[in-house]
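# Examining the three-dimensional arrangement
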Amino acid sequence: MRRISGSSPVPPHLFRHGGGSAPSNRALDFSTSLNPLGPPASVLAALRPAVAGGDAIARYPDADSTALREHLAALHGVSPRQVVVGNGSSELIQAIPAAWRPRRVAIVEPTYTEYLRASLLAGAAVEHWLAEDETFSLEPFEPGGADLVWLCNPNNPTGRLWPRARLRPWIATHPRTLFVLDESFLPFRPDEAEHSLVGGIEMLGNLVVVCSLTKLYTLPGLRLGYAIAGLEQAERLRAQLVPWSVNALAQVAGLVALRGTPFLSETHAWFLSESSYMAEALECLKGNLDVIPSQANFFLLRLGEAISTCPTATLSSHGILVRDASNFIGLDARYIRVGLRSREHNRLLVGRLHQCLLPERGLEDEWGESLR
Ligand SMILES: Cc1ncc(COP(=O)(O)O)c(C=O)c1O
């Protein structure tokens, strides 16, 4: 990893996200990395009576999300007091630097830009660390004077996974630095438990793990996320949150979603099948497109030097939205990110990419099938 200088002042386009402000209902949206299987039917079924009864709306919600915290604690084998529930993981990401007031922060780039925004809002000076190689391999580095280090596992937008065997000793040998590990995309993987640092978190007093329920259960409109940390750290974070920030419907949705085991196993089966399908299908575009090896439910793609126009606009004219990843620190206009969807939609995307990047090949190959 090498340190790169930060840009100051920070241009607002850095904080542009996927999804657009009002994407058309008919667009196929590969720009956000949400679970295409959700929201779970059980969640929708539970929300209808919760809304119809009126109480969930006419009363203040449980400010401590007690039932949800207890459920999450049991799931992760920690005390409920170690769990902090937030209005999306975004609320927690925002609250962490506000609670710890770090003077210096290190961010492993390219990554989710809200870590930068939250750090700057808390008045921190930010150092950016960038992987040396073209596939953005993640490696521990000497955080030096950083009071807080942000890590994302698997990392958005690269899809790279930190090996736990490297992460844990690194964190343990820097007890004065607070490490914030965002595992929002980890539950898509059936082997989540092998990679997560939640197990054994009580041994690491300088670690806060953040996770989103928005992505896995497709609840971006309701918003739900949580953090797990040692008792002291959890209390410190909790004290920073807005009262009643997690609304009653989100609490109902979270509880029902977390009980829905068939949904999770279906998601894992979908993830395994579509991630390997996409990796193989995109490999056929090698030379025009490099695929960054991903362990997540999205792929970062690098367009070949010869491609003068980014296919984003062409794809959009066909009703396909992809994430223009040029505004991530350390990336440029060659990069786009695509989230995995259903097999039918993934085929369609690959077909359109073929058409866009290899127009001379026409539609007479197997991908053309998907466009007819
Ligand atoms: C890595 C990562 N963490 C957290 C979030 C925020 O998710 P939410 O606030 O919906 O839980 C996002 C959203 O894109 C993300 O990419």
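Above this text sits the structure in question.
Keep in mind it's a predicted model, so treat the numbers as computed, not measured.

### Concerning the pattern of salt bridges
- As enumerated under the stated definition, the model contains 14 salt bridges in all.
- Between D55 and R59 there is a salt bridge whose closest N-O contact spans 3.8 Å.
- Overall, the relative accessible area of 43% leaves D55 in the partly exposed class.
- Here R59 falls in the exposed class, since its relative accessible area comes to 56%.
- The structure contains a network of salt bridges with shared partners spanning R3, R104 and E127.

### Structural notes on the packing of helix α4 (residues 88-100) against helix α8 (residues 231-238)
- At a closest axis distance of 9 Å, the pairing of α4 and α8 adopts a crossing angle of 105 degrees. Here α4 is positioned roughly perpendicular relative to α8, judged by the angle of their axes. Counted together, L92, A95, I96, A99 and W100 of α4 and Q233, R236 and L237 of α8 form the full contact between these two elements.
- In the contact of α4 with α8, the residues fall into six nonpolar, one polar and one charged.

### Remarks on the site of the ligand
- Neighbouring residues of the ligand: 16 residues in total, closest S90, D182, S212, K215 and R223.
- Between the ligand and S90, the relevant distance is 2.5 Å, taken from an oxygen atom to a side-chain nitrogen or oxygen of the residue.
- Between the ligand and D182 there is a distance of 2.6 Å, counted from a nitrogen atom to a side-chain nitrogen or oxygen.
- Residue contributions to the shell around the ligand peak at four residues, all from α4.
- The residue inventory of the shell around the ligand, partitioned by class, reads six nonpolar, seven polar and three charged.

### Description of the environment of S275
- Secondary-structure assignment places S275 in helix α10 (residues 261-283).
- Relative accessible area serves as the criterion here: at 13%, S275 is assigned to the buried category.
- The spatial distance from the C-alpha of S275 to the C-alpha of F185 is 13 Å, given a sequence separation of 90 residues.
- Apart from the residues within four sequence positions on either side, S275 is in contact with W270, F299 and L340.
- Here L272 takes part through its backbone oxygen, which lies 3.5 Å from a polar atom of the side chain of S275.

### Remarks on empty space enclosed by the protein
- This structure, assessed with the given rule, holds two cavities of 30 Å³ or more.
- Of the volumes computed, that of the largest cavity is approximately 40 Å³.
- For the largest cavity, the full set of lining residues is H76, E183, E192, S196, V198, V209, C211 and Y226.
- Empty space within the second largest cavity amounts to approximately 30 Å³.
- Together, I107, E109, T111, Y112, T113, L116 and I329 line the second largest cavity.

Definitions and limits used
- Residues numbered from 1 in each chain as written.
- Predicted model: local features only at pLDDT ≥ 70, side-chain atom pairs only at ≥ 80, totals over all residues.
- Heavy atoms only, no water.
- Salt bridge = Lys/Arg side-chain N within 4 Å of Asp/Glu carboxyl O.
- Buried < 20%, exposed > 50% of the residue type's maximum accessible area, 1.4 Å probe, protein only.
- Axes fitted to C-alpha atoms, helices over the stretch in contact; angles between N-to-C directions.
- Helix = DSSP H or I, 4+ residues; strand = E, 2+ residues; numbered from the N terminus.
- Parallel < 35°, antiparallel > 145°, perpendicular 65-115°, else oblique.
- Contact = heavy atoms within 4.5 Å.
- Nonpolar A, V, L, I, M, F, W, Y, C, P; charged D, E, K, R; others polar.
- Near = heavy atom within 4 Å.
- Polar contact = N/O pair within 3.5 Å; in protein donor to acceptor, adjacent residues only side chain to side chain.
- 1 Å grid on protein atoms, 1.4 Å probe; cavity = no way out; pocket = protein on both sides within 12 Å on 5 of 7 lines; lining within 4 Å.
- Points joined across faces, edges and corners; volume = space filled by probe spheres on them.

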